[in-house]
Amino acid sequence: MEMPVPNPAILARKEAIIAKLRGCVPTDALIWDEMETRAYECDALTAYRCAPLAVVLPATTEEVSAVLKVCHAEGVPVVPRGSGTSLAGGALPTADSVVIGVSRMNAVLETDYDNRIIRVQTGRTNLSVTGAVEQDDFFYAPDPSSQLACAIAGNIAMNSGGAHCLKYGVTTNNLMGVTMVMMDGTVFEIGGAHLDAAGLDLLGVICGSEGQLGVVTEATLRILHKPEGARPVLMGFDSNEVAGECVSDIIKAGVLPVAIEFMDRPCIEACEAFAKAGYPMCEALLIVEVEGSEAEIAEQLALITDIAKRHNPVELREAKDADEAGRIWLGRKSAFGAMGQINDYMCLDGTIPVSSLPFVLRRIGEMSKEYGLDVANVFHAGDGNMHPLILFNANKPGDLELCEAFGADILKLCVEVGGCLTGEHGVGIEKRDLMAHQYRPEDLEVQMAVKDVFDPAWLLNPAKVFPLAASEGRRVVQVAAE
Amino acid sequence: MRPETEADLAEIIKGAAGPLRIQGGGTRDIGKPVDGALLQTGGLTGVTLYEPGSLTLVARAGTPLAEVEAVLDAEGQRLPFEPMDHRGLLGRDGVPTVGGMAASNVSGPRRIQSGACRDYMLGVRFVDGAGTVLSNGGRVMKNVTGYDLVKLMAGSYGTLGVLTEVSFKVLPKPEASACVLINDLSETEAVEAMSRALGSPFDVSGVAHLPVGVDGAPVTMIRVEGFAESVRYRSGRLAALFAGRDVTVETDPERVAAGWRYVRDAEPFHAAPGDVWRLSVKPSDAPGLVAASGALQAIYDWGGGLVWLLMPVASDLRARLGGFAGHATLVRGNEDTRRALPVFQPEPGPVAAISAGLRARFDPRGILNPGIMG
Ligand SMILES: Cc1cc2nc3c(=O)[nH]c(=O)nc-3n(C[C@H](O)[C@H](O)[C@H](O)COP(=O)(O)OP(=O)(O)OC[C@H]3O[C@@H](n4cnc5c(N)ncnc54)[C@H](O)[C@@H]3O)c2cc1C
């Protein structure tokens, strides 16, 4: 992966820059020792690493603002960071950058059940937002599988989704306001406890902008009362096509499950070996979850199983109690861990129209043979967000490159059938150079124009999202101005 | 000017000598009056893709909303955000279009549960102020590829570009609905009751309060939708939450629908003289703000988060309210008032600077509905 050459002028001024940053945060919140900055050299896309010039861990919006003012004045690039779980290299530093990590900013600022909002500092982890309100039977809906670790900051930057977003939406649908610090240190407030923007929907653009428009320090999130209950049903089919048709029929029948998860045979086998959830060995598994009172759950599940039966399932297992429900989810939730046990893998994240599911799965199978690399599929079927996991051997020379080429082909296929490169993980560095397959030059240009407005010097989160060639003019201007 | 293709629209904008006043169906005359040549999108029509099993519909911007709704209805689906029809309130006729709805991010009572128009917009095609055809997003439900300009276009009132095509996520229409009605609550009690309903596990899809109901007395409305049994169960549980109050449950589908249309379209104000303002606030702040406003009448929707105010002509609502968290829009007012008062909530400095910067980039000549969002 090509990254821009670090600006030698900045590297040469390291000491002077550190000295200025010292004035912004307490001593223990500034890291510049080369051994220690290495802890921040990558995110969950571990194939790419680069230690930054320095790391600051501010505790307040004011400290973030002070740090950004220094970086702005010095022309130093800034990489915002939450918990570093990005799978797209979204938080990958450059050698001439300062990482601003918000992990110490994890306070709950306000909980308001009457108005159904919680206001938090963005370093707070996703799961601990729900943790702060669950004793009162409330929850925060977006639930990425990484929710134990990932921070609201990263969720906002990536517009993260989760298993339950078919019903509750993704981050952008549950985000009501932010406090954001712009590159020049200006503090910017948008939205709040009220709904919808007054003027242009800037909140909508900030969410999903991958840390390139500002550093988000506080967020107002919508919280909801928990449903009375929830229960999954597991169904097995002897072909991907049939499972795909079943998904489409469930949706057309007017049921709106909270989740429809899909796993194919390689994934089922790996999960079974790892988690021993008692999955049947078949070509495709669906886990469909519905919510409500006991009677409501029973009514919806009856409808869903009726539909499933029309497709001759090889297995149909309704959870009778919490224990069985847990076992049904166990395999799915440990899917990534299970794959990690047997191999190195790369997790893709393209979205396709639900109707193209059988075709795309068949093509992926064919490509897998051509490339000689195995693929396991696990994904959110209700919304067409696929997660093909390509297995490779990191120690075998050339395997990573082969895997990346295969991955790129799968993502191009997603675009060809009317879908997109990434449904929830973000572009980062990983899919940056594929952007031209989805967008024409002018469509990328207008997105870059948005960044020009928020961050004219292009200092925030360099070399992400846009192909390097497309953003070159802007980045070169910035270096030339040094 | 009424182009019939996107390419013609682009040519018109490219060649425009001065400001353009952009119009879909002309049913939502909201904003500062714009002086410019009329550019209509009503010629760009047609549903270009509808896949019920994928919950996706794509339509050209000038497609009548009614046509989209009919196509969806035939498959038992709908636009979940329940877009308001502004015609009665603004005294307009004409045909609401998909593009007009999207450009003004129009939602209705279900916004509180399901989200706004912007939450269901998956992709857009539009022509910017230089005449370039652009696209963003797509036709799939989950998409974080690049910046989300779809949201930016929603509610931008034509100032960033003229929409030519919009794709939507749609949802199944529920089998049944019911409305729990609580009579004679004060405004503060009503907001508390609505908050209780919204904070319950019963998945309410609408919560409104009319201080002056159809029969003149206050009524609070709580809607549930879904499968028949489930609706019966949840409306029963909700009614039980307010035991001790004067509670009834309306289950006649026609009457439930009519009641919510009444709220959605702010029907009580259709024939009433005066300006109409729309307040978006924290629900618990609403009763205090209504009292401070000196309004002739109010309608609470979204559990109090949205308040419609009927005000004496030319009154400066914002001056009466003082500083408050949220925003106020003058939706109905005569031209003089709309020229004299900001129609949209004035933005704080840094936000205003970003908005101006974006408009300058999307529309360098400042010809698309100039000033409409002032
Ligand atoms: C095992 C595993 C499972 C996962 N499952 C899911 C899933 O189900 N759904 C899903 O959507 N994702 C998933 N992810 C991806 C990842 O967890 C999400 O992208 C998450 O939101 C990243 O959060 P983070 O705090 O770790 O962000 P980081 O990795 O630290 O950063 C992510 C991006 O956010 C930016 N950023 C961070 N903080 C700020 C800030 N304060 N202001 C502005 N920008 C900022 C960064 O610059 C970077 O571009 C998974 C990852 C792993 C490892």
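Residues numbered from 1 in each chain as written. Chains lettered and ligands numbered in written order. Predicted model: local features only at pLDDT ≥ 70, side-chain atom pairs only at ≥ 80, totals over all residues. Heavy atoms only, no water.

Where an unreviewed UniProt entry is consulted, chain B appears under the name Putative FAD-linked oxidoreductase, with the organism given as Pseudoprimorskyibacter insulae.

Under an unreviewed UniProt entry, the name given to chain A is Putative FAD-linked oxidoreductase, and the source organism is Pseudoprimorskyibacter insulae. Quoted verbatim from the Cofactor (unreviewed entry) heading of the UniProt record, the comment on chain A is "FAD". (UniProt positions renumbered as here; feature names shortened; annotations may be inferred.)

**Student:** I would appreciate a short explanation of the overall build of chain B in the present structure.
**Tutor:** From N to C terminus, chain B includes 14 helices and 17 strands. Expected size for 374 residues packed as a compact globule is a radius of gyration near 21 Å; at 21 Å, chain B falls within 12% of this value. For chain B, the spread of C-alpha atoms along the principal axes amounts to about 65 × 50 × 35 Å. If you take every contact in chain B between residues at least 6 apart in sequence, the share linking residues at least 24 apart comes to 71%. Considering chain B, the positive charge centre built from 37 side chains and the negative charge centre built from 41 side chains are found 4 Å apart. (Helix = DSSP H or I, 4+ residues; strand = E, 2+ residues; numbered from the N terminus. Rg over C-alpha atoms; globule rule 2.2 N^0.38 Å. Contact = heavy atoms within 4.5 Å. Lys, Arg positive; Asp, Glu negative; His and termini not counted. Charge placed at Lys NZ, Arg CZ, Asp CG, Glu CD.)

**Student:** I tried to follow the nonpolar core on my own but got confused; where do I start?
**Tutor:** General note: in soluble globular proteins, nonpolar side chains tend to be found buried as a group. Counting 195 residues, the largest nonpolar core has M235 and L286 of chain A together with F168, L279 and W308 of chain B as its most contacted members. For this core, the leading source of residues is helix α16 (residues 399-416) of chain A, giving eight residues. Every residue in contact with F168 of chain B, bar those within four places of it in the chain, is listed here: L55, T56, L57, L79, F81, V98, M101, C117, Y120, M121 and L122 of chain B. Counting 29 residues, the second-largest nonpolar core is a separate cluster that includes V64, V67, V102 and A153 of chain A. (Core = buried A, V, L, I, M, F, W, Y, C linked by side-chain atoms within 4.5 Å. Buried < 20%, exposed > 50% of the residue type's maximum accessible area, 1.4 Å probe, protein only.)

**Student:** Even after reading the chapter, I still don't get the site of the ligand, so can you show me in this structure?
**Tutor:** Residues and elements named next belong to chain A. Looking at the ligand, there are 33 residues lining it, with P80, G82, T85, S146 and S160 nearest. A distance of 2.7 Å separates an oxygen atom of the ligand from a polar atom in the backbone of G82. Between the ligand and the protein, one listed contact pairs an oxygen atom with a side-chain N or O atom of N461 at 3.1 Å. About the coverage of the ligand: the protein hides 94% of its 980 Å² of free accessible area. Mapped onto the shell around the ligand, the elements with two or more residues apiece are β3 (78-81), α6 (152-158) and β10 (215-222). Ranked by residues supplied to the shell around the ligand, first place goes to α6 with five residues. Residue composition of the shell around the ligand, by class: 14 nonpolar, 16 polar and three charged. Two domains each put at least three residues into the shell around the ligand: domain 1 (8-101) and domain 2 (108-225). (Near = heavy atom within 4 Å. Polar contact = N/O pair within 3.5 Å; in protein donor to acceptor, adjacent residues only side chain to side chain. Areas by Shrake-Rupley, 256 points an atom, 1.4 Å probe, with all protein chains shown as cover. Nonpolar A, V, L, I, M, F, W, Y, C, P; charged D, E, K, R; others polar. Domains from an automatic or database assignment.)

**Student:** Even after reading the chapter, I still don't get unusual backbone geometry, so can you show me in this structure?
**Tutor:** Note: most peptide bonds trans; most residues except glycine with negative phi. Residue and element names in this part refer to chain B. Non-glycine residue N105 carries a positive phi angle of around 45°. Structurally, N105 is set in the loop between α4 (98-103) and α5 (111-114). Positive phi is not limited to glycine here, since Y157 has a value of about 50°. Here Y157 is to be found in the loop between α7 (149-153) and β8 (162-169). Assessed through its relative accessible area of 16%, Y157 is described here as buried.

**Student:** Hey, could you run me through the domain arrangement of chain A in this one?
**Tutor:** Residues and elements named next belong to chain A. Annotation of chain A at the domain level lists domain 1 (8-101), domain 2 (108-225), domain 3 (230-336), domain 4 (343-432) and domain 5 (439-481). Once you take the C-alpha centre of each, domain 1 and domain 5 turn out to be 20 Å apart. With 13 residues of domain 1 at the contact, the number on the domain 5 side is six residues. Both faces combined, the contact of domain 1 with domain 5 buries some 660 Å², and carbon together with sulfur accounts for 65% of it. The interface formed by domain 1 and domain 5 holds zero salt bridges in total. Between domain 1 and domain 5 we count four residue pairs in polar contact (both at pLDDT 80 or more) in total. Mapped by element, the contributors of at least two residues to the side of domain 1 that touches domain 5 are α4 (61-74) and β3. Its residues assigned to classes, the side of domain 1 that touches domain 5 comprises eight nonpolar, five polar and no charged. (Buried area = accessible area lost by both parts, 1.4 Å probe. Salt bridge = Lys/Arg side-chain N within 4 Å of Asp/Glu carboxyl O.)

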